[in-house]
Amino acid sequence: MKRLLNTISLLLLGLWLGAAIFFSAAVAPNLFAVLRGAELPNANALAGTIVTRLLAIINRGGFEIGLLLLVISFFATRAHTTLRRFAEMISLAIMAIMTGIGHWVVAARMAALRAAMQIPIDQVAPADPRRLQFDNLHRYSVAMMAVAIVAALIAFVLNANRTNQSEPPKPSGD
């Protein structure tokens, strides 16, 4: 049963990590680049709307997967050293916290600011206080996603190491 739980944990962590890294490194920057390259008058607003919807999926998924794996880790790591168990559980908690705050706090505030501006963000002056606050929240969002990815990577490595250590030694062919 523990082997199955470890496999499911690795699969879910790998799935979320792949999606989060691909989104951060490929989807979001290329979406902005393509829409800006098309010289659309509201390219940033359009790209931002799409990115916001996709990021919501990544963040909610990270939160839900993080919580599920935290519970699984609690039961699957009982026999392991306290430090390793603590490190894995803290990493999963950080992943869940960062994605949860990123979605339900930071993204919600950014959406409220966009709505308060009443015009597409491309038309808001860079010195406008709402635009400055939006840009600050965006930086927080990016940083929180980076922290969540690093935490998930740590949890993945610890889980993979746990899986390898729990296998019985293979007989040598000597």
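Residues numbered from 1 in each chain as written. Predicted model: local features only at pLDDT ≥ 70, side-chain atom pairs only at ≥ 80, totals over all residues. Heavy atoms only, no water.

Draft legend 1. Quick look at a nonpolar patch on the surface. On the surface, a cluster of nonpolar side chains totalling about 320 Å² of accessible area is made up of F86, I90, I94 and V147. The element that contributes the greatest number of residues to the nonpolar patch is helix α3 (residues 82-117), accounting for three residues. Tracing the chain through its elements places F86 in helix α3. (Patch = residues over 30% accessible without salt bridge, like charges linked within 9 Å, V, L, I, M, F, W, Y side chains within 5 Å. Areas by Shrake-Rupley, 256 points an atom, 1.4 Å probe, with all protein chains shown as cover. Salt bridge = Lys/Arg side-chain N within 4 Å of Asp/Glu carboxyl O. Helix = DSSP H or I, 4+ residues; strand = E, 2+ residues; numbered from the N terminus.)

Draft legend 2. Quick look at helix α1 (residues 2-37). The end-to-end C-alpha separation of α1 is 50 Å, in line with the 52 Å expected for 36 residues at 1.5 Å each. The sharpest bend along α1 measures roughly 45° and falls at F23. What α1 keeps buried is the set N6, S9, L10, L12, L13, W16, L17, A20, F23, A28, L31 and L35. (Expected span 1.5 Å × (residues − 1). Bend = angle between axes of the 7 residues up to and from the residue. Buried < 20%, exposed > 50% of the residue type's maximum accessible area, 1.4 Å probe, protein only.)

Draft legend 3. How the structure looks around the nonpolar core. Membership of the largest hydrophobic core comes to 26 residues, with the highest contact counts inside it found for L13, W16, I58, L69, M95 and M145. Secondary structure elements with two or more residues in this core: α1, α2 (43-76), α3 and α4 (129-166). (Core = buried A, V, L, I, M, F, W, Y, C linked by side-chain atoms within 4.5 Å.)

Draft legend 4. The arrangement of the packing of α2 against α3 in detail. Contact geometry of α2 with α3 gives a least axis separation of 8 Å together with a crossing angle of 150°. Classed by the angle they form, the pair α2 and α3 counts as roughly antiparallel. The interaxial crossing formed by α2 with α3 has left-handed handedness. Looking at the contact of α2 with α3 residue by residue, the class counts come to 14 nonpolar, eleven polar and four charged. (Axes fitted to C-alpha atoms, helices over the stretch in contact; angles between N-to-C directions. Parallel < 35°, antiparallel > 145°, perpendicular 65-115°, else oblique. Left-handed = near helix turned anticlockwise from the far one by under 90°. Nonpolar A, V, L, I, M, F, W, Y, C, P; charged D, E, K, R; others polar.)

Draft legend 5. Broad picture of the side chain of T99. With respect to the helices and strands, T99 occurs in helix α3. Aside from chain neighbours lying at most four places away, what touches T99 is W16, N59, G62, F63 and A148. (Contact = heavy atoms within 4.5 Å.)

Draft legend 6. The arrangement of the side chain of N59 in detail. On the secondary structure map, N59 appears in helix α2. Residues within four places of N59 in sequence aside, it is in contact with T99, G102, H103 and M145.

Draft legend 7. Summary view of unusual backbone geometry. Phi at E39 is positive, roughly 55°, even though this residue is not glycine. Tracing the chain through its elements places E39 in the loop between α1 and α2. With phi around 60°, Q118 is a residue other than glycine that occupies positive phi space. Note that Q118 resides in the loop between α3 and α4.

Draft legend 8. Region of interest: the environment of R36. Secondary-structure assignment places R36 in helix α1. Taking the relative accessible area as the measure of exposure, R36 reaches 48% and is therefore partly exposed. Considering only alpha carbons, one finds R36 and L13, 23 residues apart in sequence, at a separation of 33 Å. If we skip the residues at most four places from it in the chain, R36 touches A43 and N44. Polar side-chain contacts of R36 include one of 2.6 Å to the side chain of N44. (Polar contact = N/O pair within 3.5 Å; in protein donor to acceptor, adjacent residues only side chain to side chain.)

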